[in-house]
Amino acid sequence: MKLKFLGTGTSQGVPVIGCTCEVCTSENPKDKRFRSSVIVTTDENRKILIDCGPDFRQQMLINQESNVDIALLTHEHNDHVIGLDDMRPLIFKSGKNMPLYCSQRVGQEVKNRFPYAFADVRYPGAPAFDLHEIENKPFTVLDTEITPIEVIHYKITAFGYKFKNSAYITDAGFISDTEKEKLKDLDVLILNCIRKFDPHPAHFILPDVINLFEELKPKKLFLTHISHHLGLHDIEDKQLPPGIHLAYDGLEINF
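Quick summary incoming for the structure in this document. Model, not experiment: these values are computed from the prediction. (Residues numbered from 1 in each chain as written. Predicted model: local features only at pLDDT ≥ 70, side-chain atom pairs only at ≥ 80, totals over all residues. Heavy atoms only, no water.)

**Comments concerning the overall build of the protein chain**
Across its full length, the protein chain holds seven helices and 14 strands. Computed over the C-alpha atoms, the radius of gyration of the protein chain is 18 Å, within 12% of the 18 Å expected from 2.2 N^0.38 for a compact globule of 255 residues. Across its three principal directions, the C-alpha atoms of the protein chain cover 55 × 40 × 35 Å. In the protein chain, which comprises 255 residues, the proportion classed as buried is 54%. Restricting the contact set of the protein chain to residue pairs at least 6 apart, pairs at least 24 apart contribute 63%. Total accessible area computed for the protein chain in this model is approximately 11,700 Å², and 49% of it derives from carbon and sulfur atoms. Looking at charge distribution, the protein chain has the averaged site of its 29 positive side-chain charges lying 2 Å from that of its 36 negative ones. (Helix = DSSP H or I, 4+ residues; strand = E, 2+ residues; numbered from the N terminus. Rg over C-alpha atoms; globule rule 2.2 N^0.38 Å. Buried < 20%, exposed > 50% of the residue type's maximum accessible area, 1.4 Å probe, protein only. Contact = heavy atoms within 4.5 Å. Areas by Shrake-Rupley, 256 points an atom, 1.4 Å probe, with all protein chains shown as cover. Lys, Arg positive; Asp, Glu negative; His and termini not counted. Charge placed at Lys NZ, Arg CZ, Asp CG, Glu CD.)

**With respect to the sheet that holds strand E5 (residues 98–102)**
Reading across the sheet, the seven strands line up as E6-E5-E4-E3-E2-E1-E14 and stay open at both edges, with mixed pairing between neighbours. Looking at the sheet topology across the chains shown, the edges are occupied by strand E6 (129–133) and strand E14 (252–254). The mean angle between the axes of side-by-side strands here comes to 25°, regardless of whether they run parallel or antiparallel. Bridging between strand E1 (residues 2–7) and E14 involves three bridges; their strand directions are antiparallel. Bridge pairing in E14 places lysine 4 opposite glutamate 252. (Pairing = 2+ DSSP bridges. Axes fitted to C-alpha atoms, helices over the stretch in contact; angles between N-to-C directions.)

**Notes on the sheet that holds strand E12 (residues 220–224)**
One open sheet accounts for seven strands, arranged E7-E8-E9-E10-E11-E12-E13; its pairing is mixed. Each end of this open sheet is capped by a strand with a single partner; those strands are strand E7 (139–141) and strand E13 (244–246). Across the sheet, the axes of successive neighbouring strands diverge by a mean angle of 30°, strand direction being ignored. One ladder, built from three bridges, connects E7 with strand E8 (residues 144–153); its direction is antiparallel. Looking across to E8, one finds that threonine 140 is bridged to glutamate 145.

**Examining the environment of isoleucine 194**
With respect to the secondary-structure elements, isoleucine 194 resides in the loop between strand E11 (188–192) and helix H6 (206–216). Sequence separation of isoleucine 194 and leucine 230 is 36 residues, and the distance between their C-alpha atoms is 6.8 Å. With near-sequence residues (within four places) excluded, isoleucine 194 lies in contact with Thr10, His200, His203, Phe204, Ile205, His225, Ile226, Ser227 and Leu230.

**Quick word on the packing of aromatic side chains**
This model, assessed by the stated rule, comprises five aromatic pairs. Taken together, the aromatic side chains of Phe114, Tyr116 and Tyr123 make up a single cluster linked through ring pairs. (Phe/Tyr/Trp six-rings, centres within 6.5 Å; stacked < 30°, edge-to-face > 60°.)

**Quick notes on the pattern of salt bridges**
Overall, the coordinates contain 16 salt bridges when judged by the stated rule. Lysine 47 is the partner of glutamate 65 in a salt bridge, and the nearest nitrogen-oxygen pair spans 3.1 Å. Within this pair, whereas glutamate 65 is found in the loop between helix H1 (56–62) and strand E4 (70–72), its partner lysine 47 is found in strand E3 (residues 47–50), the two being separated by 18 residues in sequence. Across the pair, lysine 47 and glutamate 65 agree in class, each one buried. Of the charged contacts in the structure, one is a salt bridge between glutamate 135 and lysine 137, with a shortest N-O distance of 3.7 Å. Since its relative accessible area comes to 47%, glutamate 135 is described here as partly exposed. A relative accessible area of 52% means that lysine 137 is categorised as exposed. Through salt bridges with shared partners, one network takes in Lys2, Lys4, Lys47, Glu65 and Glu252. (Salt bridge = Lys/Arg side-chain N within 4 Å of Asp/Glu carboxyl O.)

**Considerations on helix H4 (residues 104–113)**
Note on helix geometry: an α-helix contains 3.6 residues per turn, so any two residues three or four positions apart are oriented the same way. Within H4 the residues assigned to the buried category are Val106, Gly107 and Val110. The arc that holds the buried residues of H4, viewed along the axis, is 100°, so those residues lie on one side. Against the buried residues of H4 lie E5 and E6. (Arc of directions from axis to C-beta.)

**A look at H6**
Of the positions making up H6, those classed as buried are Leu206, Val209, Leu212, Phe213 and Leu216. Looking down the long axis of H6, one finds its buried residues gathered within 120° of arc, a one-sided arrangement. Against the buried residues of H6 lie helix H5 (177–180), E11, E12 and E13. One or two positions beyond H6, positive phi appears at lysine 217, with a value near 55°.

Below you can see the structure in the form of structure tokens.
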């Protein structure tokens, strides 16, 4: 299987509109971050998208990705779902509704934000989705077992997802001991890290991630959902403990 980072930025993206800091004005492509999303390619070349934010169209075009078989949603915040309307070309090409896998709460929010996609009589050109409600237990789709990881993101729960011995978690500020058991001794763990300093009410910061790395002991850990406050990629990546790396848009990981 293969995972590609379509975006590794926060809800504002990087560069941030109007910001002139050294990160936002950097010419290094690794410092330019779309909103967080990944696409997983299975061994049978099926495509699993995790989250569909406002940069989805550009992400697909830049990465020359032309298909999504299913989408997993971590939670309902706009930077993770508001790009769903841009799935229309994929839906039209396949002639089938796009399957969305998410919790009941997230599914209801998708219906609220895209009511025209669920109308009994849809206008021509509207997208169409099939909602599949999932709970915090493993499920199989496209011949792939997927294990949800329940995390706390400020005052709501969100899902990360585990494939084989690798896991992707974004928008987390707390993981319970029960859920940590699913994350021990992984080959690859991907965690959100919004900045280096100053605690955040909804996201891990760098000291949190380093503590989790030492506790969970993955072979490799990649940081995502990175803001411009974390610093320049080429400088910060070299200063991280061995085994921890900054992810960047376009990075591919085989597992």
